[in-house]
Amino acid sequence: MSRGSANKAAGKVLERLVAARFGEQRYPADTGGPIDVEGTCVWSAKHVQVLSLAALSRECQAIAAQGTLKGKPGLVAAKVRQGRGAPSEPIVAMTWGTFEAFLEAFRGARP
């Protein structure tokens with residue numbers, strides 16, 4: 001397996017993890033769209049060696065725009081490849097506006 005296909009496979013594993021963990025549906029392979037997983041939210045999954053804050057911000061803004069089109073929050077699941085034997089936990093990132101909506105919904109759901 002070439003390095004490029006190994007990286008793609010790792011990205012697909014992250015997409016499957018997001019879909020399974022949050023009860024969402026993974027988009028079929030090779031659709032080429034900006035959304036990797038969809039359900040209650042729309043997700044972009046990034047499995048990377050390096051992801052700058054600027055790049056993460058752009059990803060969050062792009063998926064938030066896709067979410068707005070579908071009336072759903074847009075989230076980014078990102079996981080850093082730290083190398084063999086150095087596992088990392090995925091993070092979830094979103095725009096400020098998306099977070100405000102989550103917080104408002106959470107506060108409204110309290111008894």
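Here's what I pulled together on the structure shown here.

### What about the sheet that holds strand 2 (residues 37-38)?
- Strand order across the open sheet formed by five strands is 1-2-3-4-5, with mixed pairing between neighbours. Two strands close off the open sheet at either side, each with one partner strand: strand 1 (25-26) and strand 5 (91-93).
- The pairing of strand 4 (residues 74-80) with strand 5 spans three bridges and is classified as antiparallel. Bridge pairing links Ala78 to Ile91 in strand 5.

### A closer look at the pairing of strand 4
- By the criterion of burial, strand 4 is predominantly enclosed, with five of the seven residues buried.
- In this view, the connection linking strand 3 (residues 42-48) to its parallel neighbour strand 4 by way of helix 2 (residues 53-70) has right-handed handedness.

### Comments concerning helix 2
- Across its 18 residues, helix 2 extends 26 Å between first and last C-alpha, which sits within 8% of the 26 Å expected from 1.5 Å per residue.
- Of all the positions in helix 2, only Ala55, Leu56, Cys60, Ile63, Ala64 and Gly67 are classed as buried.
- Where helix 2 terminates, the next one or two residues include Gly71, which has phi positive at roughly 70 degrees.

Reading the values: rules and limits
- Residues numbered from 1 in each chain as written.
- Predicted model: local features only at pLDDT ≥ 70, side-chain atom pairs only at ≥ 80, totals over all residues.
- Heavy atoms only, no water.
- Pairing = 2+ DSSP bridges.
- Helix = DSSP H or I, 4+ residues; strand = E, 2+ residues; numbered from the N terminus.
- Buried < 20%, exposed > 50% of the residue type's maximum accessible area, 1.4 Å probe, protein only.
- Right-handed = clockwise from strand over helix to strand, strands pointing away.
- Expected span 1.5 Å × (residues − 1).

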